[in-house]
Amino acid sequence: MITIVGTGTWGTTLAVQLAQAGRAVRWLARDGGEAAALRRAGENRRFLPGVPIPPAVQIMSDPVEALADCSLVLLVVPSEAMRRNLRWLAPQLRALAANSADFALVSATKGLDVASGATMSALIRDELTELPPGMVLALSGPNLAREIAEGRPAAAVLAGTDAALTRQARALLMLPRFRIYTSGDVAGVELGGALKNVMAIVAGICDGLGLGDNAKAALLTRGVAEMARLGVAMGAQPLTFAGLAGLGDLMATCASRQSRNRHVGEQLAQGKPLDDILSSMTNVAEGVPTTRAAVGLARRLDVELPITELLYNVLFSGTTVTQAAAELLERAPRDELDAPAFS
């Protein structure tokens, strides 16, 4: 039994696709009203309209019922809501971990905790200290939800430190058109998924200003270097950022019109206030809080992130996008590979 926590676009997509592939799926909504509305509509009209929810999906609002005897829990909630959800589900998650060595808890959230800068797996381990570290996995990759919901092919990375348990979870999540690779670099996979949202806002700004494809390619290449630099400082493997959870996710998110973070960047380039942009969106743009978290981490770890710092100034300190672009172009020249991640 697979239990999915979170009724946003990605949670809906995973519930639909796993059920269509014949997996036993329970889907935990926030309350009875939301669960009833989803059952009544037969689709998630707010986040994924037009995609039917298979009748086999058991939509629930009681965590005791939803998590009873399941072997895999997918946490698919916004990063800012992760700690709150963990505390809501803690008794059931602890019981599952205590009663089965084969239980796995998977974070499918691409963000960082703003207060601490922690990845979602680190936050989970902080809240659920009884869980063996190997039980906490992370799923990430170039996964635009609507494409996957429509049955288009995609790939992802499932990262965990217990190789056997990670492979076991992969067997449950792998679908005919959703190929999953495994990795032991949990931090790198999570940081790739989170930090690429920052660069997607930058890509949107670049497109919104009409700076051209050369400029965007240069920005994103240097962006990958920043992602890897911070990742290495946090114990990640640099090559992870050249894989699906890094460069792959970056390519999809920065090129697609479906990307909410790229949309934020385009709107900023048009001069719209950040609060107005965010209030007009149905989904969460994780790149905004992740920018704040990444800058805090970089300052504590003494890691240079010039693009991320300038985006922070645009988002939170009143710098205009044209001023930020000019500052980047005025930076002193340097050797391309002199960053610690590549030395």
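You'll find the structure just up there.
Fair warning: this is a prediction, and the values are worked out from it, not measured in the lab.

## Observations concerning the nonpolar core
And then number 1: Among the nonpolar cores identified, the biggest contains 59 residues, and Ile4 and Val73 are the most heavily contacted of them.
And then number 2: The element best represented in this core is helix H4 (residues 79-99), accounting for seven residues.
And then number 3: Setting aside chain neighbours within four positions, we find Ile4 in contact with Gly11, Leu14, Ala15, Leu18, Val25, Arg26, Trp27, Leu28, Leu74 and Val76.

## Section: the pattern of salt bridges
And then number 1: Under the definition given, this model contains 16 salt bridges.
And then number 2: The shortest N-O distance in the salt bridge between Asp113 and Arg83 comes to 3.8 Å. With a gap of 30 residues between them, Asp113 in the loop between strand E7 (104-107) and helix H5 (120-127) and Arg83 in helix H4 connect regions that are remote in the sequence.
And then number 3: On the basis of relative accessible area, Asp113 is assigned to the buried category, the value being 13%.
And then number 4: Among the ionic pairs, Glu150 bridges to Arg146, the shortest N-O distance being 3.7 Å.

## Details of the state of the cysteines
And then number 1: Evaluated as defined, the whole model comprises zero disulfides.
And then number 2: Free cysteine Cys254: the closest other cysteine sulfur is in Cys206, separated by 10 Å.
And then number 3: Judged by its relative accessible area of 3%, Cys254 is buried.

## Notes on helix H10 (residues 244-255)
And then number 1: When we look at burial in H10, the residues that qualify are Ala245, Gly246, Gly248, Asp249, Leu250, Ala252, Thr253 and Cys254.
And then number 2: Looking at the buried positions of H10, the neighbouring elements they touch are strand E8 (136-140), strand E9 (154-159), helix H8 (186-209), helix H9 (213-233) and helix H11 (260-269).

## Observations regarding the pairing of strand E6 (residues 72-75)
And then number 1: Burial along E6 is two-sided: the face carrying Leu72 and Leu74 and the face carrying Val73 and Leu75 are both buried.
And then number 2: In the sheet, strand E1 (residues 2-5) pairs with E6 via four bridges, with the strands oriented parallel. If you follow Thr3 over to E6, its bridge partner there is Val73.
And then number 3: Sheet analysis places E6 next to E7, joined by four bridges and oriented parallel.

## Some remarks on unusual backbone geometry
And then number 1: Backbone geometry places Asp69, a non-glycine residue, at a positive phi of 60°.
And then number 2: With respect to the helices and strands, the residue Asp69 is situated in the loop between helix H3 (63-67) and E6.
And then number 3: We classify Asp69 as exposed; its relative accessible area is 74%.
And then number 4: Its identity is not glycine, yet Asp302 carries a phi of approximately 60°, on the positive side.
And then number 5: Tracing the backbone through its elements, the reader meets Asp302 in the loop between helix H13 (287-301) and helix H14 (306-316).

What counts as what
Residues numbered from 1 in each chain as written. Predicted model: local features only at pLDDT ≥ 70, side-chain atom pairs only at ≥ 80, totals over all residues. Heavy atoms only, no water. Core = buried A, V, L, I, M, F, W, Y, C linked by side-chain atoms within 4.5 Å. Buried < 20%, exposed > 50% of the residue type's maximum accessible area, 1.4 Å probe, protein only. Helix = DSSP H or I, 4+ residues; strand = E, 2+ residues; numbered from the N terminus. Contact = heavy atoms within 4.5 Å. Salt bridge = Lys/Arg side-chain N within 4 Å of Asp/Glu carboxyl O. Disulfide = S-S within 2.5 Å. Pairing = 2+ DSSP bridges.

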